[in-house]
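Structure at a glance
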Amino acid sequence: MREIIDKYKNDPLFKKKLFLSFIGVFFMGFFLAFLRKADLGTDPYTFMNVTVVGKINANRQIILFGTWQLILNIIMLVIGWFWKKTLIGPGTVINMVGVGYVSDLFYFITSKTIPDAVFTTFPQRAIIFAVALFGFAIAAAVYMSADCGLSPYDLLCNQTGFSIKKVPFAITRICCDFIPIIVGVLLGGKLNIGTVFIGLALGPAIQAVGKFMNEHILKMDEQ
């Protein structure tokens, strides 16, 4: 724990990184709500969790999506703590709590304020999906590239990538993202092309945005 505290206490970019983590997580949850409403696909981790929540709530609502995701995140955090706790930080907590509940909040707001036809009729359904997909991918890349602590899921994906020598992060991330897709399908989830696309695009997007942030926002190349 002391090692983690010292890492961020002595980082001159900590405040900027923390702010970027908040921004990234908030917009991940915001755009995720629209992806869920459009129902044309979400990120692989959400796809799996939405499927699980659907099974649990088959007869009546027992648990919120955000609550289930938090429970699973805590379990994965325990595993990550013993594997690579130096990748855990303030951003870890922000993500594991924030994404699910921010998504639930805006899912509820849009359900009460926007007619369902907007999310079920083409072409507006496709437009909402495309915009939300792009926004979510960028927000996820911003949060990860802020280097303020990874979510439990991202931590496990990250460590899996580092354990495979000479394979680019984007490739190992794609392979990792297909695990929850397979789990979701086995549990009876409805797999849409959007989920597959995000599974293929998220790794390269994180790599590209991370490079841009390091060079132009965090200016880590000058540190």
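Let me begin by describing the structure that accompanies this report. (Residues numbered from 1 in each chain as written. Predicted model: local features only at pLDDT ≥ 70, side-chain atom pairs only at ≥ 80, totals over all residues. Heavy atoms only, no water.)

Look at the link from F122 to P123: it is a cis peptide, with omega at 10°. With respect to the secondary-structure elements, P123 resides in the loop between α6 (116-120) and α7 (124-145). Notably, D39 is not glycine yet its phi reads approximately 55°, a positive angle. Classification of D39 by relative accessible area gives partly exposed; the value is 34%. (Helix = DSSP H or I, 4+ residues; strand = E, 2+ residues; numbered from the N terminus. Buried < 20%, exposed > 50% of the residue type's maximum accessible area, 1.4 Å probe, protein only.)

The subject of this paragraph is the packing of aromatic side chains. Under the defined criterion, the tally for this structure stands at 9 aromatic pairs. Both rings, one in F30 and one in F34, keep their centres 5.2 Å apart while their planes meet at 55°; by these two values the pair is tilted. Within this pair, F30 and its partner F34 are both found in helix α2 (residues 14-38), separated by 4 residues, close to a single helical turn. With a relative accessible area of 22%, F30 lands in the partly exposed category. F34 sits in the buried class, given a relative accessible area of 17%. Arranged with centres 5.0 Å apart and planes meeting at 85°, the rings of F30 and F106 form a pair that is edge-to-face. Of the two residues, F30 sits in helix α2 while F106 sits in helix α5 (residues 90-113), which places them 76 residues apart along the sequence. One aromatic cluster in this structure is built from F26, F27, F30, F31, F34, F106 and F119. (Phe/Tyr/Trp six-rings, centres within 6.5 Å; stacked < 30°, edge-to-face > 60°.)

Next up on the list: the pattern of salt bridges. For the structure on display, the rule yields 3 salt bridges. Notably, a salt bridge pairs D116 with K37, separated by 3.8 Å at the nearest N-O pair. One end of the pair, D116, is in helix α6; the other, K37, is in helix α2, and 79 residues separate them in sequence. According to the relative accessible area criterion, K37 is buried, its value standing at 13%. Here K190 and D39 are joined by a salt bridge, their closest N and O atoms 2.9 Å apart. (Salt bridge = Lys/Arg side-chain N within 4 Å of Asp/Glu carboxyl O.)

This brings us to the nonpolar core. Where a protein is soluble and globular, its nonpolar side chains tend to be buried together. Counting residues in each nonpolar core, the largest one holds 40 residues, and the members touching the most others are M28 and L35. Secondary-structure elements contributing two or more residues to this core are α2, α3 (44-56), α4 (65-84), α5, α7, α8 (152-163) and α10 (193-216). Per element, the largest residue contribution to this core is 10 residues, and it comes from α7. When neighbours within four sequence positions are excluded, M28 is seen to be in contact with N95, V99, F136, A139, A140 and Y143. With 5 residues, the next largest nonpolar core counts L20, A141, V142 and V209 among its residues. (Core = buried A, V, L, I, M, F, W, Y, C linked by side-chain atoms within 4.5 Å. Contact = heavy atoms within 4.5 Å.)

Let us look at the side chain of T46. Positionally, T46 belongs in helix α3. Given a relative accessible area of 2%, T46 falls into the buried group. Not counting chain neighbours up to four residues away, the residues in contact with T46 comprise L32, F65 and Q69.

According to the stated counting rule, one finds 1 cavity of 30 Å³ or more in the structure shown. Approximately 200 Å³ is the volume attributed to the largest cavity. Taken together, 20 residues make up the lining of the largest cavity; nearest its centre are M28, D43, Y45, Y153 and D154. Secondary structure elements with two or more residues in the lining of the largest cavity: α3, α4, α5, α7, α8, α9 (169-186) and α10. Take the lining of the largest cavity: its biggest share by element is 4 residues, from α7. Among the residues forming the lining of the largest cavity, the class breakdown is 11 nonpolar, 5 polar and 4 charged. (1 Å grid on protein atoms, 1.4 Å probe; cavity = no way out; pocket = protein on both sides within 12 Å on 5 of 7 lines; lining within 4 Å. Points joined across faces, edges and corners; volume = space filled by probe spheres on them. Nonpolar A, V, L, I, M, F, W, Y, C, P; charged D, E, K, R; others polar.)

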